[in-house]
Amino acid sequence: MASISSLLNMPAPQIQSFHICASSSSLFPPFQKTKQRCKPKRHHASRVKCSGDTNRRDILIGLGGLHGATSLSSSLPALGAPLSPPDPTNCVTSTVVTPENGTFKIECCPPPPFTDYVIPASNNTQFRIRKAAHLVDDEYIAKYKEAIRRMKALPDDDPRSFKQQAAVHCAYCANGYKQKGFPKNLDVHGSWIFLPFHRWYLYFFERILGSLIGDPTFALPYWNWDHPNGMRMPSIFTTDTTSPLYDPLRDPRHLSAFMDLNYDFGKEDNPHVNPTIKQINSNLVIVYNAMMPKEEDFFGKLFRAGDDPDRHYGSLETLHNITHGWTGDNTNPKSNGENMGILYSDARDPIFYCHHSNVDRLRKIWTTQLPGGPRSNFNDVKDCLDSTSLGYDYQSNELPWLNAGGLVKRKSLSRAAPKQAFKVRKTWPTLQLPLTLDSILRTTINRPKVGANPLEKEVLEIELEYDKGQRLGFDVFINDEDDDDIGPLDAEFGESFVTLPDHPNQTKVSSSFRIPLNNLLQALDAINDESITVTLCPKYGKSLPLLRASR
Ligand code: C2O
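Thresholds applied
- Residues numbered from 1 in each chain as written.
- Predicted model: local features only at pLDDT ≥ 70, side-chain atom pairs only at ≥ 80, totals over all residues.
- Heavy atoms only, no water.
- Helix = DSSP H or I, 4+ residues; strand = E, 2+ residues; numbered from the N terminus.
- Buried < 20%, exposed > 50% of the residue type's maximum accessible area, 1.4 Å probe, protein only.
- Contact = heavy atoms within 4.5 Å.
- Areas by Shrake-Rupley, 256 points an atom, 1.4 Å probe, with all protein chains shown as cover.
- Phe/Tyr/Trp six-rings, centres within 6.5 Å; stacked < 30°, edge-to-face > 60°.
- Lys NZ or Arg CZ within 6 Å of the ring centre and 35° of its normal.
- Axes fitted to C-alpha atoms, helices over the stretch in contact; angles between N-to-C directions.
- Left-handed = near helix turned anticlockwise from the far one by under 90°.
- pLDDT = per-residue confidence, 0-100.
- Disulfide = S-S within 2.5 Å.
- UniProt positions renumbered as here; feature names shortened; annotations may be inferred.
- Expected span 1.5 Å × (residues − 1).
- Core = buried A, V, L, I, M, F, W, Y, C linked by side-chain atoms within 4.5 Å.
- Pairing = 2+ DSSP bridges.
- Salt bridge = Lys/Arg side-chain N within 4 Å of Asp/Glu carboxyl O.

**Q** Would you mind going over the overall build of the chain with me for this structure?
**A** In terms of helices and strands, the chain carries 11 helices and 13 strands. Going through the 551 residues of the chain one by one, you find that 60% of them count as buried. Put simply, of all contacts in the chain between residues at least 6 apart along the chain, 81% involve residues at least 24 apart. Put simply, the chain shows about 21000 Å² of open surface, and 51% of that area lies on carbon and sulfur atoms.

**Q** How should the packing of aromatic side chains be read in this particular structure?
**A** Each aromatic ring pair is characterised by the separation of its centres together with the angle its planes make. One pass over the full model with this rule turns up 28 aromatic pairs. Measuring from centroid to centroid gives 5.8 Å for Tyr222 and Tyr394, while their planes differ by 75°, and the two rings are edge-to-face. Placement of the pair is Tyr222 in the loop between helix H4 (194-212) and helix H5 (235-238) and Tyr394 in strand E6 (residues 392-394), with a sequence separation of 172 residues. Looking at Tyr222, the relative accessible area reads 0%, which means it is buried. We classify Tyr394 as buried; its relative accessible area is 10%. Centre to centre, the rings of Phe497 and Phe513 are 5.1 Å apart; their planes meet at 65°, and the pair counts as edge-to-face. Separated by 16 residues along the polypeptide, Phe497 in strand E11 (residues 493-498) and Phe513 in strand E12 (residues 508-516) bring together distant segments of the chain. Classification of Phe513 as buried rests on a relative accessible area of 0%. By way of ring pairs, the aromatic residues Phe162, Tyr172, Tyr177, Phe197, Tyr201, Phe205, Phe352 and Tyr353 are connected into one cluster. For the cation-ring pair, Arg130 lies above Tyr392, with the distance from its terminal atom to the ring centre recorded as 3.7 Å.

**Q** Explain the packing of helix H6 (residues 277-291) against helix H8 (residues 315-327) to me, please; I cannot follow it from the model alone.
**A** The geometry of a pair of packed helices is captured by two quantities: the angle between their axes and the separation between those axes. Two elements in contact, H6 and H8, have axes separated by 8 Å at closest approach and are oriented at 150°. H8 is crossed by H6, and the crossing has left-handed handedness. Residues Ile286, Val287 and Ala290 of H6 form the contact with H8, whose participating residues are Ser315, Leu316 and Leu319.

**Q** In this structure, what is going on with the confidence of the model for the chain? I would like to understand it.
**A** Should the pLDDT be low somewhere, the predicted coordinates at that spot are not to be read in detail. Across the chain, pLDDT averages 79, with 76% of residues at or above 70. Overall, residues 35-74 carries pLDDT values under 50, and its contacts beyond four positions in sequence, including any with other chains, amount to 212 contacts. Contacts for the low-pLDDT stretch residues 414-431, under 50 throughout, to residues beyond four places or in other chains number 37 contacts.

**Q** In this structure, what is going on with the state of the cysteines? I would like to understand it.
**A** When the sulfur atoms of two cysteines share a covalent bond, that bond is a disulfide. In the structure shown here, the tally under the stated rule is two disulfides. One disulfide bridge connects Cys91 with Cys109, the sulfur atoms lying 2.2 Å from each other. Handedness here is read from the sign of the S-S torsion; for Cys91 and Cys109, about -80°, the answer is left-handed. Of this pair, Cys91 sits in the loop between helix H1 (53-64) and strand E3 (94-98) while Cys109 is found in the loop between strand E4 (102-106) and strand E5 (128-130), placing the two residues 18 residues apart along the sequence. Here Cys108 pairs with Cys170 through a disulfide, and the sulfurs are 1.7 Å apart.

**Q** Help me out: how do you make sense of the environment of Ile129 in this one?
**A** For Ile129, the location among the structural elements is in strand E5. Here Ile129 falls in the partly exposed class, since its relative accessible area comes to 38%. For the pair formed by Ile129 and Asp393, sequence separation is 264 residues and the distance between their alpha carbons is 5.1 Å. The residues touching Ile129, leaving out its near neighbours within four places in the chain, are Ala219, Asp393, Tyr394 and Gln395.

**Q** Help me understand the UniProt feature "domain: Tyrosinase copper-binding" (unreviewed entry) in the chain, please; the structure alone is not making it clear to me.
**A** The positions UniProt marks with the feature "domain: Tyrosinase copper-binding" (unreviewed entry) are residues 189-206 and 349-360. Helix makes up 72% of residues 189-206 and strand 0%, and the two end C-alpha atoms of the span are 21 Å apart.

**Q** Sorry, what's going on with unusual backbone geometry here?
**A** Glycine aside, negative phi is the norm for most residues, and most peptide bonds take the trans geometry. The omega angle of the peptide bond from Pro112 to Pro113 is 0°, so this bond is cis rather than trans. Summarising the element assignment, Pro113 is placed in the loop between E4 and E5. For the peptide bond that leads from Glu338 to Asn339, omega is -10°, which places it in the cis range. Of note in the backbone geometry, Glu295 takes a positive phi value of approximately 40° without being a glycine. If you trace the backbone, Glu295 turns up in helix H7 (residues 295-299). Even without a glycine there, the phi angle at Asn336 is positive, about 60°. Turning to its location among the elements, Asn336 is positioned in the loop between H8 and helix H9 (351-368).

**Q** Whenever I open this one, H4 confuses me. Can you help?
**A** In an α-helix, one turn spans 3.6 residues; hence positions three or four apart end up facing the same way. The terminal C-alpha atoms of H4, which comprises 19 residues, lie 27 Å apart, in line with the 27 Å expected from a rise of 1.5 Å per residue. Along H4, 17 of the 19 residues are buried, which leaves the element largely enclosed by surrounding structure. Of the residues trailing H4, Gly214 is marked for its positive phi of about 65°.

**Q** I keep staring at the nonpolar core and nothing clicks. Help me out?
**A** Across soluble globular proteins, you tend to see nonpolar side chains buried next to one another. Tyr144, Leu209, Tyr353, Trp401, Leu460, Val476 and Ile478 are the most contacted members of the largest nonpolar core, which has 114 residues in total. Residue contributions to this core peak at nine residues, all from H4. If we ignore the near neighbours within four places in the chain, the residues touching Val476 are Leu460, Ile462, Glu492, Phe493, Gly494, Glu495, Phe513, Ile515, Val534, Thr535 and Leu536. Counting residues in hydrophobic clusters, the runner-up holds nine residues, among them Trp200, Tyr203, Cys384 and Tyr392.

**Q** Any chance you could explain the pairing of strand E9 (residues 459-467) here in plain terms?
**A** Across a regular strand the side chains alternate sides, sitting on one face of the sheet and then on the other. Along E9, seven of the nine residues are buried, which leaves the element largely enclosed by surrounding structure. By the bridge criterion, nine bridges tie E9 to E12 in an arrangement that is antiparallel. By the bridge assignment for E12, Glu461 is matched with Arg514.

**Q** Just to check I follow, could you spell out the pattern of salt bridges for this structure?
**A** If the charged atoms of two oppositely charged side chains come close together, the side chains can form a pair. Applying the stated criterion across every chain yields a total of 25 salt bridges. When the shortest N-O distance is used, the salt bridge between Lys468 and Asp187 registers 3.4 Å. In this pair, Lys468 is assigned in the loop between E9 and strand E10 (473-478) and Asp187 in the loop between helix H3 (162-171) and H4, connecting sequence segments 281 residues apart. Here Lys468 and Asp187 have matching classes, each one buried. Here Arg361 and Asp226 are joined by a salt bridge, their closest N and O atoms 3.0 Å apart.

Shown next, in the form of structure tokens:
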């Protein structure tokens, strides 16, 4: 595959550790390489701080590259304090070398001067309702196109211009900024800062569009890819090549295809225009799996001052990575997956904002609408926790994935009687780590403790290291038995891990991947077993030279 070619010289990811967490620790029996075939996949998330007044102001400065004099707070944050916004006067242009494109620069830095932004006293006077992109009417489409057209027509150095808005996003992910007071890069992906950052980012983008057409009620649409009727690129972005909503840098095979949320970039691609029921159900289960985790498993890991800009995706961010990669141009070796398939360029495609509108919507649904009542949220991002306080909300739509857990084929309950819950942890031979994930790996892992409290959360955690510029995907199966063709509709399917690279580079990044086990073990009728078998199936590039070469 062309899109993989820039990765050919990159080493395979390395498994750093592999354990189950509940209240107990981990035990490693040896991995075995197997010949089994495997299919599907899945995720993790991140964040920016936008709490108290000072912090909020600083975030906004950083976010918008908002122009004029800045009063960035002068005191430096302590290690472990909430992240501070970067110094926009100290933005760095990355220079990148790739085999296909030679040397090129990633120009993301906002033009000076910078200024404080003051949040309007009331955001609620002109409420904005974001609607599903496949349901909007002609009047809305005309307005939306005109707003984007005007934004694109602004001079390049106007901070409101489409070019500058896209660059704002780029600077936050392609090593544009250092963390204030630390030599480390600031990256708003791969941690819980992902969701609040993008909420604010869209907020400004939307308000600029509204102001350009003199309509303060203007709202972005959302790409409703969690609903079968929205599981394609919305036609408003694809049918008219002269439209300001069109972007030529998209995967041409997917322009009218039905989405596959279990997409394998490393395979020959024959997308369906008309989906099978199985395809629809598979997508719904993948959305369901991404929406069910709690706290950090959904949001992504905490990211604070002085932390390495690693990748600890929450389940929603991982799901979002899939749509990005599926949309970007994967057929041109020179494209690096542009625009949507790589972070430095993704916001150059107008569909980006529609995609993120849905991410933001799902975050809201997760917080407020899932069974079991409102869920916990991060307290230190108070002023962007509730989208209605920012003056917008989402048109409601049915949530067909909500019951998709029932689509998964449960494991037959007729197998041998469950083993007795074990009392003593066994010691297993320690794995030879790190281990390169260059072929299918299987191991058996003892569970920390069984039966004490069935409500206790149990998670399989895999720690990885890989190149940050690498597109990587692998699937995890639990207790699979050399089945030939298993996927999201089978109980053995654990999760898919999918990255979204930032820009071509070979910076090593640490990453962790957490798979909630409770429901999975129930469906597998394995809730009383003392151990589980875990199979890791590399997906993208699993048979590519880059993987073999690294042995
Ligand atoms: Cu900042 Cu969809 O990424």
